Amino acid sequence: MLLIDCPHCGPRAQTEFSYGGAANVARPPAPEETDDAAWIEYLYLRDNAKGQHDELWQHIFGCRRWLQLRRDVISHEIISCSELRRPLAEDGP
Amino acid sequence: MPDPLTRQSALAARSGSDDLIQERTGLWIQRLYAPDREADFGDKIGLDLPGQANHVSQDKDLHALWVAPWEWLLVSEATANRDGLAARVAASGGALSDLSHARMVLRLAAEPARDILAKGCPLDLRPASFPPGHCAQSVLANVGILLHHLGDGAHMDIYTARSYGRFIHAWLNDAAPPA
Ligand SMILES: [Zn+2]
């Protein structure tokens, strides 16, 4: 179980949150001109790299806000958690 | 056939009574949305709104519970005409949505409530972390709830969607220690 420090509500159990997938996945700007391979890459294929990972989470049972979170997928340590900003920060939350 | 215009308890079909849990019926409940980052919104509409997360303010019979940045739940036992408030909110660029019939509200004594809720809710309910005058949204037995520790320190109110009312009521009774 992760303890996620919501920037609005404070530290809360993972069960209050909904995982929203990897952050920093760019949607192809012109889907109608994107070939199937590139679209499949965007929709489904992820690097699953060891180490730090930028993720989207929604505090669905709390303030309902979307959050941007950097997490170490080996140790499960949460390095940072902040309100989701658009556009996503290149250097993480 | 029930009269569709008569407001009924969420637990109306349930028989029996108990001393542990009291349903608060007939409440006026509104979700209030302010325009983003407008610090003087409360002054504009004439309400004392808590700016701090998880805090509750009280003005006579009206409670304002923080539920998200720039969002509050307004709750009152008085069903007086509040057209003036609705007009001020609209004029200030905010919005009110009426949840009076959408919520079931249960009141428990804080003392057994803390231990009962701990069986199905991940919140830290120790008085140091959840003192009187605070509220928090969380899950109870996988159902979304809003918990309010009343200013008197002796009671807690549990808000849940009305459709989960009988389930939450039964769950609380089941989790309570034998009388
Ligand atoms: Zn939150």
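Residues numbered from 1 in each chain as written. Chains lettered and ligands numbered in written order. Predicted model: local features only at pLDDT ≥ 70, side-chain atom pairs only at ≥ 80, totals over all residues. Heavy atoms only, no water.

Undergrad: Tell me what's going on with the coordination of the zinc ion, and back it up with residues and numbers.
TA: Residue and element names in this part refer to chain A. At this site the zinc ion is bound by C6 (SG), C9 (SG), H59 (ND1) and C63 (SG), with donor distances of 2.0 to 2.5 Å. The coordination sphere of the zinc ion comprises four donor atoms, whose angles at the metal cover 103 to 117°; the geometry is tetrahedral. Going along the chain, you hit the donors of the zinc ion in the pattern C-x2-C-x49-H-x3-C. Remark: H59 occurs in the loop between β4 (52-58) and β5 (66-72) and C6 occurs in strand β1 (residues 3-6); sequence separation between them is 53 residues. Residue C6 shares its accessibility class with H59, and that shared class is buried. (Donors = N, O, S within 2.8 Å, 3.2 Å for Na, K, Ca; no water. Tetrahedral: all angles 85-135°; square planar, octahedral: opposite > 155°, others 65-115°. Helix = DSSP H or I, 4+ residues; strand = E, 2+ residues; numbered from the N terminus. Buried < 20%, exposed > 50% of the residue type's maximum accessible area, 1.4 Å probe, protein only.)

Undergrad: With reference to specific residues and values, describe the confidence of the model for chain A.
TA: Confidence along chain A averages 91 in pLDDT terms, with 91% of residues attaining 70 or more. Here helix α1 (residues 36-43) of chain A stands out as the element of chain A with the lowest mean pLDDT, 94, in contrast to β1(A), whose mean of 98 is the highest. (pLDDT = per-residue confidence, 0-100.)

Undergrad: An account of the sheet that holds β4(A) is needed here, citing residue identities and associated values.
TA: All names here are of chain A. Reading across the sheet, the four strands line up as β3-β4-β5-β6 and stay open at both edges, with antiparallel pairing between neighbours. On the outer flanks of this sheet lie β3 (18-22) and β6 (78-83), each paired with one strand and no other. The average undirected angle you get between the axes of adjacent strands in this sheet is 25°. (Pairing = 2+ DSSP bridges. Axes fitted to C-alpha atoms, helices over the stretch in contact; angles between N-to-C directions.)

Undergrad: Please set out the packing of aromatic side chains residue by residue, giving values where relevant.
TA: According to the stated counting rule, one finds two aromatic pairs over all chains in the structure shown. With centroids separated by 5.1 Å and ring planes inclined at 55°, the aromatic side chains of W39(A) and Y42(A) adopt a geometry described as tilted. Of this pair, W39(A) and Y42(A) both sit in helix α1, three residues apart, which is roughly one turn of the helix. Look at W39(A) and you get partly exposed, because its relative accessible area is 25%. Directly above the aromatic system of W28(B) lies the positively charged group of R82(B), at a separation of 4.4 Å from the ring centroid. (Phe/Tyr/Trp six-rings, centres within 6.5 Å; stacked < 30°, edge-to-face > 60°. Lys NZ or Arg CZ within 6 Å of the ring centre and 35° of its normal.)

Undergrad: Explain the confidence of the model for chain B residue by residue, including any values.
TA: Averaged over every residue, the pLDDT of chain B is 91; the share at 70 or more is 94%. The ipTM assigned to the predicted complex is 0.89, against a pTM of 0.90.

Undergrad: I'd like a description of the interface of chain A and chain B, backed by residues and values.
TA: At the junction of the two partners, chain A supplies 11 residues and chain B supplies 17 residues. Looking only at chain A, the three residues that lose the most surface to chain B are R12(A), F61(A) and R65(A), adding up to 42% of its buried area. Inspection of the region where chain A meets chain B yields one salt bridge. Note that E71(B) is salt-bridged to R65(A), the shortest N-O span being 4.0 Å. Scanning the region where chain A abuts chain B turns up seven residue pairs in polar contact (both at pLDDT 80 or more). A breakdown of the residues in the side of chain A that touches chain B according to their chemical character gives four nonpolar, three polar and four charged. (Contact = heavy atoms within 4.5 Å. Buried area = accessible area lost by both parts, 1.4 Å probe. Salt bridge = Lys/Arg side-chain N within 4 Å of Asp/Glu carboxyl O. Polar contact = N/O pair within 3.5 Å; in protein donor to acceptor, adjacent residues only side chain to side chain. Nonpolar A, V, L, I, M, F, W, Y, C, P; charged D, E, K, R; others polar.)

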